[in-house]
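Given next are the chains, with one letter for each unit.
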Amino acid sequence: MFYIAIFFQYVAQYMKTRMQYRADLLVEVFSDLLFQAVNLIFILVVFGHTNLLGGWTRDEIIFIYGFFLVPYALFSSFFNIWDFNERYIVKGELDRILTRPIHSLFQIVLERMELESLFGAVTGIAVMIYAGNNLGLGISWTDPFLFFLFVTGGMLVYGGIFVMIACISFWADARTSIMPMMYNIGNYGRYPVDIYDSVIRFVLTWILPFAFVGIYPASYFLGKEEWFLYSFLTPVIGIVFFGISILTWNSGVKRYRGAGN
Amino acid sequence: MDKYIEMIRIRFLMMLAYRTNYYTGILIYSINIGAYYFLWSAIYGEKDAIEGMSVIQMSTYVAVAWMARAFYFNNIDREMAAEIKEGKVAVELIRPYNYLGMKTMQGLGEGIFRLFFFSVPGMFIVSFIFPLQFSADWTTWIFFAISIVLSFFINTQINLLTGITTFFLFNNTGLIRAKRVVIDLFSGLLIPISFFPVWAQDVLKFLPFQGISYVPSMIFTKSFSDNEAIQAIIMQGIWVLLLIIPIQVLWVIAKKQLIIQGG
């Protein structure tokens, strides 16, 4: 309960600071929208030249992209730990975090949240509704619950992977460029995995399971029965990966000795 | 002129000191090339050619477009924005050189460094992973070389324009980000311009962006005939000259209304 109260305190504080610079906020939301538009334009232009992409139609691909945007928006709102090494380890900010009686990772999530990214979820849902309409998809009463479950699973997959990478900083001091690399690999999950070769498919499913953020869960709503098993694995993979990342984090924090101040 | 060449040299040496950062850069670009390679292979499916380009030409296009990006891409706009915000620009303005010219030369130093330590080895590595096709024709290589230099200038000029807007907008991080996204799409980095619907191609014809990525990549993959290549290069040259005008106008206005706070 305490954690929930703290969460809303931070959100309120965050709103106050952001509302101070409304123009910045607008521009940021706008450039996010532009980025999503560019990806959609890519899909639209490509399907001007082909009817199927590895057996998937235009609207299916758009639907997958729309779904992907929702867990991704949640991830980028709450897991801005890409600069964890510079910000918390090198500058010794983690010392401050550790003196407080709340879990350290939770504090960092709160401190670094960027709620304006949540707007991407709205875009994503709009895109899904548009594509779903074209495909004539119906909504059954279980769909909203599963959607929530899958979206959370996808967010946890992303969060888990990035927290684990941030944990590297506890063991190795050197600055790594793995973070930006991961963002680029994450893009692979936006498209059907059957277009990749078997090695990449295996990696995207079991090692860096980005396929569980876009294609696998979205397949359920598209009624692709051959992928159902993977769709329902989404929350499991999410919990497993996030769980491992928390354990890694905890043992990393134990090793942390501070950068001196 | 000497001081400008010296600036290229200094930037080059500066980049050389931090060269390890670039090995991961090659990896990141290869990952991107891979993503688009698989996408395009799936898009082509059974088709031999789309818009006159074969699958191999397409993979080569993707690879060369990304590796060329390493050469022409720079963060001059962000550097300018930072210098203007911090007031450092005041010192820059009293120095005995042209500020914009100096920024361009710094970008060129960076570009030359990345050409040798990023683009060339990157292209070499990528050619082992994906099936690419290199032209044996020396005219293609000469056209490509001219075209890529011009694309550096067009991209840098657009960066200078974006950088100058900081004088008027004060905070333009959003604009800089938006510009980058727009350039990736409209320059032909993600999709060749010839794949766009005709009406969009007609609009893009009147914009400088396709001179950044589309033209050199089309030349490299031999998707342009010699005639088309020469025409495209002339268009690039015209854009380089045309873009000087808005830069100069904005620069004069910006200097007039510049107020340095502290410093």
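As a reminder, the structure under discussion sits directly above these lines.
The sections below set out a description of the structure shown in this document. Computed from a predicted model, the values in this text were never measured in an experiment. (Residues numbered from 1 in each chain as written. Chains lettered and ligands numbered in written order. Predicted model: local features only at pLDDT ≥ 70, side-chain atom pairs only at ≥ 80, totals over all residues.)

### A closer look at the overall build of chain A
Just so we agree on the cut-off: Per the convention used, a helix needs a DSSP run of H or I reaching at least four residues, while a strand needs a run of E reaching at least two, with both numbered from the N terminus. Between the two quantities, the radius of gyration covers C-alpha atoms and the globule rule is 2.2 Å times the number of residues to the power 0.38. As a rule, residues whose C-beta atom has 12 or fewer other C-beta atoms within 10 Å are exposed, those with 20 or more are buried, and those in between are partly exposed; C-beta atoms are placed from the backbone. Two residues qualify as a contact pair if the distance between their C-beta atoms, derived from the backbone, is within 7 Å.
The secondary structure content of chain A amounts to twelve helices and zero strands. When the helices and strands of chain A are listed from N to C terminus, the series reads α-α-α-α-α-α-α-α-α-α-α-α. Computed over the C-alpha atoms, the radius of gyration of chain A is 19 Å, within 12% of the 18 Å expected from 2.2 N^0.38 for a compact globule of 261 residues. In terms of principal-axis extent, the alpha carbons of chain A reach across some 60 × 45 × 35 Å. For chain A, the residues scored as buried account for 35% of the 261 residues in total. Here the contacts in chain A between residues at least 6 apart in sequence split such that 80% fall between residues at least 24 apart.

### Some thoughts on the packing of helix 1 (residues 2-17) of chain B against helix 6 (residues 99-129) of chain B
Two quantities define a packed helix pair, namely the angle between the axes and the distance from one axis to the other. Residue and element names in this part refer to chain B. Stated precisely, the cut-off is as follows: For helices, the fitted axis covers only the stretch in contact; all axes are lines through C-alpha atoms, and the angles between them, taken along N-to-C directions, range from 0 to 180 degrees. Under this scheme an angle from 65 to 115 degrees is roughly perpendicular, one under 35 degrees roughly parallel, and one over 145 degrees roughly antiparallel; angles in between are oblique. Crossing chirality is assigned from the near helix's rotation relative to the far helix, an anticlockwise turn below a right angle marking it left-handed and a clockwise turn marking it right-handed. Under the convention adopted here, Pro, Cys and the residues Ala, Val, Leu, Ile, Met, Phe, Trp and Tyr are nonpolar, Asp, Glu, Lys and Arg are charged, and Gly plus all remaining residues are polar.
Relative orientation of the contacting elements helix 1 and helix 6 amounts to 45°, with a least axis distance of 8 Å. The pairing of helix 1 with helix 6 is recorded here as oblique in orientation. Remark: the crossing between helix 1 and helix 6 carries right-handed chirality. Taken together, the residues of helix 6 that come into contact with helix 1 (itself represented by Tyr4, Met7, Ile8, Arg9, Ile10, Arg11, Phe12, Met15 and Leu16) are Gly101, Met102, Met105, Gln106, Leu108, Gly109, Glu110, Ile112 and Phe113. Grouping the amino acids of the contact of helix 1 with helix 6 by side-chain chemistry returns twelve nonpolar, three polar and three charged.

### Some points on the interface of chain B and chain A
Facing the 26 residues of chain B at the interface are 27 residues of chain A. Looking at the side of chain B that touches chain A, the elements that each hand over two or more residues are helix 2 (20-44) and helix 9 (173-186) of chain B. The dominant element in the side of chain B that touches chain A, judged by the number of residues it contributes, is helix 2 of chain B, at eleven residues. Tallied by class, the residues present in the side of chain B that touches chain A amount to 18 nonpolar, six polar and two charged.

### A short note on the environment of Val27(A)
Among the structural elements, Val27(A) can be located in helix 2 (residues 22-46). With near-sequence residues (within four places) excluded, Val27(A) lies in contact with Gly174(B) and Leu175(B).

### Let's talk about the nonpolar core
Note the threshold: Each nonpolar core reported here comprises buried Ala, Val, Leu, Ile, Met, Phe, Trp, Tyr and Cys residues connected via C-beta atoms within 7 Å.
One finds Tyr158(A), Val62(B) and Ala63(B) to be the most contacted residues of the largest nonpolar core, which totals 120 residues. In terms of residue count, the dominant contributor to this core is helix 3 (residues 58-78) of chain A (14 residues). Once you skip the residues sitting within four places of it in the chain, Ala63(B) turns out to touch Ile33(B), Met123(B), Val126(B), Phe130(B) and Leu132(B). If you look at the next biggest cluster of nonpolar residues, it comprises eight residues, including Ile76(B), Leu160(B), Ile164(B) and Phe167(B).

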